Structure formats: structure tokens, C-alpha cells
Amino acid sequence: MTLAHFLDGLRCATCLTLNVLWLDPVRALVECSECGQTALILTDLDEGRTA
């Protein structure tokens, strides 16, 4: 079981539906619950601490 976070206020670029995106940081992807489109994400391991 993975923890997913709802991304409020964002729109899917494929189906243009608002408030249907979920971030899954364990699998490093964002998924649309409406059309099923997925996108891989890159994580910032040092959380922006270095310039």
C-alpha cells in the first residue's frame, strides 16, 4: 500500500478535468483518476537547500 496525495486546484493536461490528480511519491508519479494518464516526477533530494 502506498500513500498518495490529492493535488487540489490542478487540472489534467490530457482530459482538462480539474481536481483529479494524485501524487504518489513512492512510485514517483502523478496520475489522473479520470482518464488514467500518468506522468513521472523528479524529486529534489536536498529539498532546494543548495544554490
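Note: the structure precedes this text.
Parameters and conventions
Residues numbered from 1 in each chain as written. Predicted model: local features only at pLDDT ≥ 70, side-chain atom pairs only at ≥ 80, totals over all residues. Heavy atoms only, no water. Pairing = 2+ DSSP bridges. Helix = DSSP H or I, 4+ residues; strand = E, 2+ residues; numbered from the N terminus. Polar contact = N/O pair within 3.5 Å; in protein donor to acceptor, adjacent residues only side chain to side chain.

Let's shift gears to the pairing of strand β3 (residues 29–32). Examined bridge by bridge, strand β2 (residues 21–24) and β3 share four bridges and lie antiparallel to one another. Note on β3: the bridge partner recorded for L23 is V30. Hairpin geometry of β2 and β3 is characterised by an intervening segment of four residues between the two adjacent antiparallel strands and by a positive phi of about 60° at A28. Between β3 and strand β4 (residues 38–40), which pair antiparallel in sequence order, lie five residues; one of them, G36, sits at a positive phi of approximately 90°.

Moving on to the side chain of D24. Take D24: it is sitting in strand β2. A distance of 3.2 Å separates the side chain of D24 from the backbone nitrogen of V26, its partner in a polar contact.

This part covers the environment of N19. Examined against the element boundaries, N19 turns out to sit in the loop between β1 (5–7) and β2. With twelve residues separating them along the chain, N19 and E31 place their C-alpha atoms 11 Å apart.

Moving on to the pairing of β2. Of the pairings in the sheet, the one linking β1 to β2 comprises three bridges and is antiparallel in character. For H5, the partnering residue across the bridge sits in β2 and is L23.

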